[in-house]
Amino acid sequence: MSSRPAQLPQATAYTMDSVTDNHTGLSSPMVVKEYNEIGKGAFGTVVQAKLKFDSAPDTPDSWYGPFAIKRVPAQTEYKSRELETLRAVNHPNVIQLKYFFDKLDPRDNIVYQNLVMECLPSTLQIEIKNYRVHQLILPLSHIKVYSYQIARAMMYLHAQGICHRDIKPSNILIDPKTLVLKICDFGSAKKLEPNAPSVSYICSRFYRAPELIVGCQIYSTKIDIWGLGCVIAEMFLGRAIFQGEDPYLQLREISKLLGPPGKEFVYRSNPGYDGPTYSTKLFSSSIPTRFAKVFNNASTDAVDLLMHVLVYEPELRPTPRRIMCHQFFDDLKNREFRVRPRNRTDELSVEHLFRFSDYELQVLGSLTSHLQLY
Ligand SMILES: Nc1ncnc2c1ncn2[C@@H]1O[C@H](COP(=O)(O)OP(=O)(O)OP(=O)(O)O)[C@@H](O)[C@H]1O
C-alpha cells in the first residue's frame, strides 16, 4: 500500500530576499530547496521543500521541513483569499501555514504566491484507493477517527463563519501512520455573511450540495456538512457515493437515494431554477431501507449518521458539534479505545482528540459534557 515516497529526490535551491514567517510576521532572506512535485490542482502545483535562513550554515540542522509549497499565480482576488484564510486559522485538524513569499517566474513572467505549509504524507483519496485496489474499505475504527477529525475542523472553521466550499477526499490530508488528519486547500474558502450572495458554481461536482446544484446563492456552511456526508459515505463504499456525469445528472444520482427534491426546497434555493428535478420517484422503498441497502457494510449508528447528514434541507443537516456528539463516535471516548494504523503493530490512544482549546470549549458550550472521556 502506498503513500508518497519518503526519500527526498534531487533538489533545486534558490534564495528569496523576503520570506515571511506566518507565526512571527517577520520577513527574512531564506534559501528554499525544492524537491519533487507532490500535487497538482486546477490553479497551481504543490512541491516538497526545505527552508533555511540565508545566514545559517549549510548543515543538516539548519534546514527546516520538509514542507509542502503550494504555488499559485499571485494578485488574483480569488487566490489571495487562501493566504488570508490560512493566516487566520490555527487548529490541529487544519493545515498550518509556516511561511509565505512571492516569486517571479522568469519563464512566464508571472508572480507566484508561495504558501509554505506543513507537509502530510497522504490524502484520504489515496488511502481509500489503497484499500479499494484490494477490494477492501478502511477499517471502521479508521473511518471513525478520520470522520471525527473532519467534523472537529469544521466546528472550528464554521464557528468563525469560514466555509471551505471544496470538501473532497483529495483535500483531506492524512498521515496513515498516526491517523492525524488535516483539511487543506483553502483556495475556495470564504467567510460567509448571513444573507449575502456567493457564487453557486463552487465545489467539485461529486461533493456539491443539492442547493448549489439548483443554483442557490445564499447558502450556508451546511454545504460543507453535505461534503462531509459524501466523504464518510465514500469511506464506507470505497468510491464516491454520487457520481453524476454532469451537474444536472449529479442531482439525479442524489435523488436515487434521497428521492426527488421537494418543490419547496428547490424554490427556496433558487426561485428561478428551470432545470430538471427528477420528480418521478425512482424507487418505491423508503429512505431508511435504501440507506441500509446502499451501506450494507456499515453499522446501524453509521447509517443513522449518514441519513441525518445527507438530507436536502440544509437547515436539517446537523452542525459539526452535533455530529461530534453522535453515537457513531461513542467508542472514541472510551479511554481504553485503541486504533492500529496499517503496517504497524502497536496501537494508539485517541485521547488527544478530546483535548479541546478554550475556543473549542466555548463553541461546544453545553455539548462539552457529551464529549467527556470515560
Ligand atoms: N500541505 C500539504 N501536504 C502534503 N500534500 C499536499 C499539501 N497541500 C496540498 N497537497 C497535495 O497537493 C494536492 C493539490 O493541492 P490543493 O488542493 O491545495 O491545490 P489546488 O490547486 O487547489 O487543487 P484542486 O484544483 O484539486 O482543488 C492535494 O490534493 C494534495 O495531494
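Every chain's residues receive numbers from 1 upward, in the order its sequence appears when written. Reporting of local features is limited, given that this is a predicted model, to residues whose pLDDT is at least 70; pairs of side-chain atoms are given and counted only at 80 or more, and all residues count toward the totals for whole chains, interfaces and linings. With hydrogens and water set aside, each side-chain value is computed from the structure's full complement of heavy atoms.

A. Representation of the sheet that holds strand β1 (residues 12-21). Two strands qualify as a pair provided that DSSP identifies no fewer than 2 bridges between them. Each helix is a run of DSSP H or I of at least 4 residues and each strand a run of E of at least 2, with the numbering of both proceeding from the N terminus. Ordered in space as β1-β2-β3-β4-β6-β5, the 6 strands form a closed barrel in which the pairing is antiparallel. On average, each strand axis in the sheet is tilted by 40° relative to the strand beside it, whichever way the strands run. For strand β3 (residues 45-53) and strand β4 (residues 64-73), the ladder comprises 6 bridges, and the chain directions are antiparallel. Bridge pairing links V46 to K70 in β4. To get an axis, fit a line to the C-alpha atoms, keeping to the stretch in contact for a helix; angles then go from 0 to 180 degrees between the N-to-C directions.

B. Molecular detail of the sheet that holds strand β7 (residues 122-123). Spatially, the 3 strands line up as an open sheet ordered β7-β9-β10, and their pairing is antiparallel. A single partner strand is all that each edge strand has here, and the edge strands are β7 and β10 (180-183). Where β7 lies against strand β9 (residues 172-175), 2 bridges are found, and the strand directions are antiparallel. Note on β9: the bridge partner recorded for T123 is L173.

C. Region of interest: unusual backbone geometry. Residue P66 follows G65 across a cis peptide bond; omega there is 5°. The residue P66 is located in strand β4 in this model. The residue R165 is not glycine, and still its phi comes out positive at about 70°. With respect to the secondary-structure elements, R165 resides in the loop between β8 (162-163) and β9. Per-residue accessibility, obtained with a 1.4 Å probe over protein chains only, is compared with the maximum for each type, and a residue is labelled buried under 20%, exposed over 50%, and partly exposed between these values. Assessed through its relative accessible area of 3%, R165 is described here as buried. The phi dihedral of D185 is positive, around 60°, even though this residue is not glycine. Its place among the elements puts D185 in the loop between β10 and β11 (190-191).

D. View of the site of the ligand. We call a residue near a molecule or strand whenever a single non-hydrogen atom of that residue lies within 4 Å of it. Contacts to the ligand come from 22 residues, most closely from A42, K70, E118, S170 and D185. Interatomic distance of 3.0 Å between a side-chain N/O atom of N171 and an oxygen atom of the ligand. Within the complex, the protein chains bury 90% of what would otherwise be the 620 Å² of accessible surface of the ligand. Only β2 (27-40), β4 and β6 (110-118) provide two or more residues apiece to the shell around the ligand. Domain start and stop positions are those given by an automatic or database domain assignment. Inspection of the shell around the ligand shows a minimum of three residues originating in each of domain 1 (12-118) and domain 2 (122-370). Whenever two N or O atoms come within 3.5 Å, that pair is a polar contact, provided that in protein one can donate a hydrogen and the other can accept it, and provided that, for residues adjacent in sequence, both atoms are side-chain atoms. Areas reported here follow the Shrake-Rupley algorithm with a probe of radius 1.4 Å; residue values treat only the protein chains shown as occluding.

E. Focus on the state of the cysteines. Cysteine sulfur atoms are paired as a disulfide whenever they come within 2.5 Å of each other. Per the stated rule, a full pass over the model turns up 0 disulfides. Here C230 stays unpaired: no disulfide links it, and the sulfur of C203, its closest cysteine neighbor, is 8.1 Å away.

F. The arrangement of helix α9 (residues 300-309) in detail. Listing the buried residues of α9 in full gives D301, A302, V303, L305, L306 and V309. The contact criterion used throughout is that any non-hydrogen atoms of two residues lie within 4.5 Å. Those residues of α9 that are buried lie in contact with α5 (222-237), α8 (287-294) and α10 (320-324).

G. Representation of the nonpolar core within the structure. To qualify as a nonpolar core, a set must consist of buried Ala, Val, Leu, Ile, Met, Phe, Trp, Tyr and Cys residues joined through side-chain atoms within 4.5 Å. One finds L124, I150, F236, I241 and F295 to be the most contacted residues of the largest nonpolar core, which totals 95 residues. The residues that make up this core include at least three from each of domain 1 (12-118) and domain 2 (122-370). Beyond its immediate sequence surroundings of up to four residues, F295 is in contact with A233, F236, L237, I241, V303 and L306. Core analysis: the next-biggest nonpolar cluster, separate from the first, contains 13 residues, V19, V32, I69 and Y99 among them.

H. Just the domain arrangement of the protein chain, in detail. Domain boundaries in the protein chain define domain 1 (12-118) and domain 2 (122-370). Centre-to-centre, using C-alpha coordinates, domain 1 lies 30 Å away from domain 2. Each partner contributes residues to the interface: domain 1 has 16 residues there, and domain 2 has 20 residues. Summed over both partners, buried area is the accessible surface (1.4 Å probe) that two parts give up on being assembled. Buried area between domain 1 and domain 2, both sides added, is near 1,500 Å², and the carbon and sulfur share of it is 55%.

I. Highlighting the pairing of β3. Most of β3 is tucked away: 7 of the 9 residues are buried. Linking β2 back to β3 in an antiparallel pair, the connection comprises 4 residues.

J. Geometry of the environment of R355. In this fold, R355 is placed in the loop between β13 (348-349) and α11 (358-364). A sequence separation of 164 residues divides R355 from K191, and the C-alpha atoms of the two residues are 26 Å apart. In this structure R355 touches R152 and E360, once residues within four positions along its chain are discounted.

K. Region of the structure containing the UniProt feature "binding site: ATP" (unreviewed entry) in the protein chain. The UniProt feature table records "binding site: ATP" (unreviewed entry) at K70. In this structure, K70 sits in strand β4. Among the polar contacts made by the side chain of K70, one reaches the side chain of E82 at a distance of 3.1 Å. UniProt positions are given in the numbering used here, feature names are shortened, and annotations may be inferred rather than shown by experiment.

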